[in-house]
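# Remarks on the overall topology
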Number of protein chains: 2
Amino acid sequence: MVWILKAVRQQLSNFKADFFKALAHPLRISILDALRLGELTVNEISQRFSIEPANASQQLAVLRNKGIVVTRKEGSNVYYSVSDSAIFKLLDAAREIFNNHLIGVRGMLEEIRLEQAQTPKRRGER
Amino acid sequence: MVWILKAVRQQLSNFKADFFKALAHPLRISILDALRLGELTVNEISQRFSIEPANASQQLAVLRNKGIVVTRKEGSNVYYSVSDSAIFKLLDAAREIFNNHLIGVRGMLEEIRLEQAQTPKRRGER
DNA sequence: TATATATATAGGAATATTTGCAGATGCGAT
DNA sequence: ATCGCATCTGCAAATATTCCTATATATATA
């Protein structure tokens, strides 16, 4: 009957992996950071990050399907908020790891430099 | 000059996302859990999880590229260990979230059920 | 009722990831 | 030097994800 334990452990790993997969997207990370200050509607998020409302709704759906965010409907608006402050604890732990080891900072600066060199931004552009 | 801040924030989100992406794999989650008790060689990991050594090495390379694990070479063996105990803090935070909300438990049971019923595969089911 | 707004979902093309396997590399022993 | 072992890397097919467009649904307003 040991195979049951193995199967459960494997399934647990699968679901932890799915959970991290939900976090493994730049836009979704940014959205969660924005939700630190409180709930936001799809429209507000789409405006804040200059993306299509459909795209915002899609990314929020990914977070919602994993239970990371919850919704509250008011009129025709849907307010999204983080379901559990432990989520922020997790994000803080991630930040601590970044601070400890400066993972990828050199590469990050390099990428910014390349990005600007490829598509030079004009003055006053947001 | 505001675009610099935006670019930095976006790059930070990119790198956090890459970090979570490295965690977003069942095998890599299992490997990190196994590394809680101390360092392991590629061979030990491949035996413990019944996978090809090449596969173990590949998954460890993903973790190594993100600085999540570090290596120590001794003879022809390479010992892997977690680089920062904050990693375990993060995994614990993830576990707390799971315990708080039982994220995906319904889906987990569902998947186990489907796995058992996989032999007679049904139409229209994912 | 019709119309506009807010959100959700379906489909598809472009892109990225996973997986297993073959070959390459490095190291110790003979 | 060759052999055996441990590890790493490259390749390619299968699979999954992203992002966009179009459409659907629900709600408020005129």
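## Side note on the overall build of chain A
Tallying secondary structure elements over chain A gives six helices and three strands in all. When the helices and strands of chain A are listed from N to C terminus, the series reads α-α-β-α-α-β-β-α-α. Counting the 126 residues in chain A, one finds 39% classified as buried. Within chain A, contacts between residues separated by at least 24 positions form 53% of all contacts whose residues are at least 6 apart in sequence. With an accessible surface of roughly 7600 Å², chain A has 52% of that area assigned to carbon and sulfur atoms.

## Remarks on the packing of aromatic side chains
This model, assessed by the stated rule, comprises five aromatic pairs over all chains. Both rings, one in A:Phe19 and one in A:Phe20, keep their centres 5.7 Å apart while their planes meet at 65 degrees; by these two values the pair is edge-to-face. The burial state of A:Phe19 is the same as that of A:Phe20; both residues are buried. A ring pair is formed by A:Phe98 and B:Phe19, whose centres lie 5.8 Å apart and whose planes are at 70 degrees; its orientation type is edge-to-face. Taken together, the residues A:Phe98 in helix α5 (residues 85–101) and B:Phe19 in helix α1 (residues 2–23) connect one chain to another. B:Phe19 matches A:Phe98 in its accessibility class, with the two residues each being buried. The rings of A:Phe19, A:Phe20, A:Phe98, B:Phe19, B:Phe20 and B:Phe98 are connected pair by pair, giving a single aromatic cluster. Residue placement shows A:Arg72 over the ring face of A:Tyr79; its charged tip is 4.6 Å from the ring centre.

## Brief notes about the nonpolar core
A:Phe19, A:Phe20, A:Leu90, B:Phe19, B:Phe20 and B:Leu90 are the most contacted members of the largest nonpolar core, which has 66 residues in total. Setting aside chain neighbours within four positions, we find B:Leu90 in contact with A:Phe20, A:Leu90, A:Ala93, A:Ala94, A:Ile97, B:Phe19, B:Phe20 and B:Leu23.

## Side note on the protein's contact with DNA strand D
In the vicinity of DNA strand D, 21 residues are found, and the nearest of them are A:His25, A:Gln58, B:Asn43, B:Ser57 and B:Tyr80. Here B:Asn43 contributes a backbone N or O atom positioned 2.6 Å from a phosphate oxygen of DNA strand D. B:Asn77 is positioned with one of its side-chain polar atoms (N or O) 3.2 Å from a sugar or linking oxygen of DNA strand D. Of all the secondary structure elements, the ones that give two or more residues to the surface near DNA strand D are α4 (53–65) of chain A together with α3 (42–48), α4 (53–65) and β3 (77–82) of chain B. Of the residues belonging to the surface near DNA strand D, the class tally is six nonpolar, eleven polar and four charged.

## Some details on the pattern of salt bridges
Where side chains of opposite charge bring their charged atoms close, a pairing between them can arise. Under the counting rule described, the total for this entry stands at 13 salt bridges over all chains. Linking B:Lys89 and A:Glu96 is a salt bridge whose minimum nitrogen-to-oxygen distance equals 3.0 Å. Of this pair, B:Lys89 sits in helix α5 (residues 85–101) while A:Glu96 sits in helix α5, which puts the two residues in different chains. With its nearest N and O atoms 3.1 Å apart, the salt bridge here joins B:Asp33 to B:Arg36. Of the residues examined, B:Arg36 reaches a relative accessible area of 29% and is grouped as partly exposed. Counted as one network, the salt bridges with shared partners bring together A:Lys16, B:Asp33, B:Arg36 and B:Asp92.

## Here we look at the sheet that holds strand β2 (residues 69–74) of chain A
Residues and elements named next belong to chain A. Within the open sheet, the three strands sit side by side as β1-β3-β2. Their pairing is antiparallel. Taken across any chain shown, the strands that pair with only one partner, and hence form the sheet edges, are β1 (40–41) and β2. Relative to strand β3 (residues 77–82), β2 runs antiparallel, the two sharing six bridges. Its bridge partner lying in β3, Arg72 is registered against Tyr79. Set on the sheet, α4 makes contact with β2 and β3; between it and β2 the angle comes to about 120 degrees.

So, how was this worked out
Residues numbered from 1 in each chain as written. Chains lettered and ligands numbered in written order. Predicted model: local features only at pLDDT ≥ 70, side-chain atom pairs only at ≥ 80, totals over all residues. Heavy atoms only, no water. Helix = DSSP H or I, 4+ residues; strand = E, 2+ residues; numbered from the N terminus. Buried < 20%, exposed > 50% of the residue type's maximum accessible area, 1.4 Å probe, protein only. Contact = heavy atoms within 4.5 Å. Areas by Shrake-Rupley, 256 points an atom, 1.4 Å probe, with all protein chains shown as cover. Phe/Tyr/Trp six-rings, centres within 6.5 Å; stacked < 30°, edge-to-face > 60°. Lys NZ or Arg CZ within 6 Å of the ring centre and 35° of its normal. Core = buried A, V, L, I, M, F, W, Y, C linked by side-chain atoms within 4.5 Å. Near = heavy atom within 4 Å. Polar contact = N/O pair within 3.5 Å; in protein donor to acceptor, adjacent residues only side chain to side chain. Nonpolar A, V, L, I, M, F, W, Y, C, P; charged D, E, K, R; others polar. Salt bridge = Lys/Arg side-chain N within 4 Å of Asp/Glu carboxyl O. Pairing = 2+ DSSP bridges. Axes fitted to C-alpha atoms, helices over the stretch in contact; angles between N-to-C directions.

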